[in-house]
Amino acid sequence: MVFSIAYHFFHDPTTAEDVSQDVYLRLYQNLAAILSPEHMFQWLRQVTSRRCIDLARRNPARALVSLEDAPEPTADEMDSDPLLARKVRRVVAALPEDARMVLILRYQEDLALEEIAEILEIPINTVKSRLQRSLAHLRDRLESVGEISRHAGP
Amino acid sequence: MKTAMVFSQITLASLALSIPAWGQNPRLEISHLDKLASKASEVVDVTLDEPMMKLASKFMAADEDSDDAEARELIKDLKGVYVKSFEFDKEGEYSQADLDAIRSQLTASSWSKVVGVVEKRSGEISEVYMMTEPVNKKVLGIAILVAEPKELTVVNIVGPIDMEKLSSLEGKMGIPKIDLGKEKPAKKPTGGDDAKK
Amino acid sequence: MPDLESQLRSALKRKCAPENLADDVMARISSQPALKPGWWSRAGRLVRVPRMAWAMAGALALALIVGGIVAHHRAELDRSRGEAAKAQLKEALRIASTKLNGTWKKAVEPVRRTPPS
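The structure presented is a predicted model; accordingly, all values stated were derived computationally and were not measured.

Okay, the overall build of chain A next. A tally of regular secondary structure across chain A gives nine helices and zero strands. Of the regular secondary structure in chain A, the N- to C-terminal order runs α-α-α-α-α-α-α-α-α. In chain A, which comprises 154 residues, the share counted as buried stands at 53%. If you take every contact in chain A between residues at least 6 apart in sequence, the share linking residues at least 24 apart comes to 64%. Total accessible area on chain A stands at roughly 6700 Å², and carbon and sulfur atoms take up 50% of it.

Quick look at the packing of helix H6 (residues 97-107) of chain A against helix H7 (residues 113-120) of chain A now. Helix-helix packing is characterised by the crossing angle of the two axes and by the distance between the axes. All names here are of chain A. Two elements in contact, H6 and H7, have axes separated by 10 Å at closest approach and are oriented at 135°. When the axis of H6 is compared with that of H7, the two are oblique. Along this stretch, H6 crosses H7, giving a crossing that reads as right-handed. Seen from H6, the contacting residues are Met-101, Val-102, Leu-105 and Arg-106; seen from H7, they are Leu-113, Ile-116, Ile-119 and Leu-120. Among the residues forming the contact of H6 with H7, the class breakdown is seven nonpolar, no polar and one charged.

Let's shift gears to the nonpolar core. Within the largest apolar cluster, 57 residues are counted, with the highest numbers of intra-cluster contacts made by Leu44(A), Leu103(A), Leu120(A) and Leu8(C). It is helix H3 (residues 37-58) of chain A that contributes the most residues to this core, eight residues altogether. For Leu120(A), the residues in contact, after removing those within four places along its chain, are Ser49(A), Ile53(A), Met101(A), Val102(A) and Leu105(A). Grouped together as the second largest cluster of nonpolar side chains are 38 residues, Met130(B), Ile144(B), Met163(B) and Leu89(C) included.

Another point: the packing of aromatic side chains. Two measures describe an aromatic ring pair: the distance that separates the ring centres and the angle between the ring planes. For the structure shown, the criterion picks out four aromatic pairs over all chains. A ring pair is formed by Phe9(A) and Phe10(A), whose centres lie 4.9 Å apart and whose planes are at 75°; its orientation type is edge-to-face. Since its relative accessible area comes to 0%, Phe9(A) is described here as buried. With centroids separated by 6.0 Å and ring planes inclined at 35°, the aromatic side chains of Phe88(B) and Tyr94(B) adopt a geometry described as tilted. The same class applies to Phe88(B) and to Tyr94(B), which are both buried. Members of the aromatic cluster, connected to one another through ring pairs, are Phe86(B), Phe88(B) and Tyr94(B). Lying over the aromatic face of Tyr107(A), Arg106(A) brings its terminal NZ or CZ to 5.9 Å of the ring centre. Of note, Arg27(B) hangs over the ring of Tyr82(B), and the distance from its end group to the ring centre comes to 3.7 Å.

With that out of the way, let us pick up the pairing of strand E6 (residues 151-158) of chain B. Residue and element names in this part refer to chain B. Most of E6 sits inside the fold, with eight of its eight residues counted as buried. The side-chain alternation of E6 yields two buried faces, one formed by Glu-151, Thr-153, Val-155 and Ile-157 and the other by Leu-152, Val-154, Asn-156 and Val-158. Strand direction decides the pairing type here: strand E2 (residues 80-87) and E6, joined by eight bridges, are antiparallel. Note on E6: the bridge partner recorded for Val-81 is Ile-157. In this structure, strand E5 (residues 139-148) lies alongside E6, joined through eight bridges in antiparallel fashion. If you follow Ile-144 over to E6, its bridge partner there is Val-155. The hairpin turn running from E5 into E6, its antiparallel successor, is two residues long.

Mapped onto the secondary structure, Ser112(B) falls in strand E3 (residues 111-119). Each C-alpha atom, one on Ser112(B) and one on Ala143(B), is 9.7 Å from the other, the two residues being 31 residues apart in sequence.

Residue and element names in this part refer to chain B. Taken in spatial order, the six strands line up as E1-E2-E6-E5-E4-E3 in an open sheet, and their pairing is antiparallel. The sheet is open, and its two borders are formed by strand E1 (42-48) and E3, each paired with just one other strand. When the angles between neighbouring strand axes are averaged without regard to direction, this sheet yields 5°. Judged from the eight bridges that link them, strand E4 (residues 124-132) and E5 form a sheet pairing that is antiparallel. Note on E5: the bridge partner recorded for Ile-125 is Ala-147.

Low pLDDT means the predicted atomic positions in that stretch should not be read closely. Per-residue pLDDT for chain A averages 79, and the proportion of residues at 70 or more is 79%. Note on residues 149-154 of chain A: pLDDT under 50 across the span, and nine contacts to partners over four residues away in sequence or across chains.

The element E5(B) is largely enclosed, with a buried count of nine among its ten residues. The antiparallel pairing of E4(B) with E5(B) creates a hairpin that spans six residues between the two strands, and Lys137(B) there sits at a positive phi of about 60°.

On to the environment of Met131(B). Residue and element names in this part refer to chain B. Take Met-131: it is sitting in strand E4. When its relative accessible area of 0% is taken as the criterion, Met-131 is described as buried. On a C-alpha basis, the gap between Met-131 and Val-158 in space is 9.3 Å, while along the polypeptide they are 27 residues apart. When sequence neighbours within four positions are dropped, the list of residues in contact with Met-131 reads Gln-24, Asn-25, Pro-26, Ser-109, Ser-110, Trp-111, Lys-138, Val-139, Leu-140 and Gly-141.

Okay, the side chain of Glu151(B) next. Residue and element names in this part refer to chain B. Position of Glu-151 among the secondary structure elements: in strand E6. What makes Glu-151 buried here is its relative accessible area of 12%. Within the structure, the side chain of Glu-151 is placed 3.0 Å from the side chain of Thr-153, a separation counted as a polar contact.

Rules used in this analysis
- Residues numbered from 1 in each chain as written.
- Chains lettered and ligands numbered in written order.
- Predicted model: local features only at pLDDT ≥ 70, side-chain atom pairs only at ≥ 80, totals over all residues.
- Heavy atoms only, no water.
- Helix = DSSP H or I, 4+ residues; strand = E, 2+ residues; numbered from the N terminus.
- Buried < 20%, exposed > 50% of the residue type's maximum accessible area, 1.4 Å probe, protein only.
- Contact = heavy atoms within 4.5 Å.
- Areas by Shrake-Rupley, 256 points an atom, 1.4 Å probe, with all protein chains shown as cover.
- Axes fitted to C-alpha atoms, helices over the stretch in contact; angles between N-to-C directions.
- Parallel < 35°, antiparallel > 145°, perpendicular 65-115°, else oblique.
- Left-handed = near helix turned anticlockwise from the far one by under 90°.
- Nonpolar A, V, L, I, M, F, W, Y, C, P; charged D, E, K, R; others polar.
- Core = buried A, V, L, I, M, F, W, Y, C linked by side-chain atoms within 4.5 Å.
- Phe/Tyr/Trp six-rings, centres within 6.5 Å; stacked < 30°, edge-to-face > 60°.
- Lys NZ or Arg CZ within 6 Å of the ring centre and 35° of its normal.
- Pairing = 2+ DSSP bridges.
- pLDDT = per-residue confidence, 0-100.
- Polar contact = N/O pair within 3.5 Å; in protein donor to acceptor, adjacent residues only side chain to side chain.

In structure tokens, the structure reads:
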């Protein structure tokens, strides 16, 4: 989960590993504050999100590895449509960091909007508007290259 | 259905003419086509061997979709499904040698052509091959080759596939139905001179 | 037609962490100061515990947590592999059916077009 959030955020496995190590180390240092396993997952999501967004803001050059060069992790799972999935990931990785994290928490972690608002410490309406704008942007980008329409039956 | 009957007759005729050969292997070698991916605007590359087929079937079983049930029945004894499909923006992106490397496998062994269409004007080729056991005629696999100026598709299904059931999947599972040119019913007379009589 | 949200779920499904991650984390932890006892210590019956034992217990707890997360990821990975295999199979059958029927259509079309003599 931690690695995956960071990977989809940066689209770079090396940065994702670095972030994951930082987060788990911080978990170790804060184990006393963890109340339960459920709390731990929530805590991990929150710290990972904050760490990713902070890192992206402090180092914009690192925040977005050249998408053409970014290696995909070795195939340990199959995408149903590898090319389309890769394009979707690229467009997501190019979004502003706040919107990007909302999408990742929504579609990777399958969190409700309220949960996302709590993790990112933003109002729920902000989550909604970021989500809507991101989806509209994605739709435009993918339709303009015929990705979504390709799947439409005649 | 008349179409199905004719299809069956062609199939049976092909089977009667098929020459049994030793060492029948219904798996085609099509990896040489991978180099076309970089030139294609759209690529579908499916390689499902027996373990992955079992896994897919297991997940289909978990669904209650009746269309999936039909597909599950179709694939239950299959050993593999392999598809390479490329769409190109312009003509000439694949070579005759690419095609010949596939067709040579289909003509030199115990494959039988079930139906083949060559459109001379456009150069389009559409062919369906079947491999069967020499004695009991059990289907060992099928191959479908469609070569158009801007598209190349090879489908290789290994195992006992029922082609009529495969054909009948259209209209289900999100597969659009292709009009096979069934005769339309005659129109009723709408009046005019006849009505005046 | 797969909608955008399905595509997003598919594209953003969890990626498995590299296998060396747990080792790297433990290596960094071993250089850290000892932990304060937390909720995981209530399971034990430690009354007086040397500082080193707390550090080890914390490291063990973290190893179990990370291991549990990895196991959870593996289960998720198996599920996502199965779903991906299913989607690939359906796509393959779709193409096979379409091409098969398309070929047949091309074969019968000239017969249909031929006017009766």
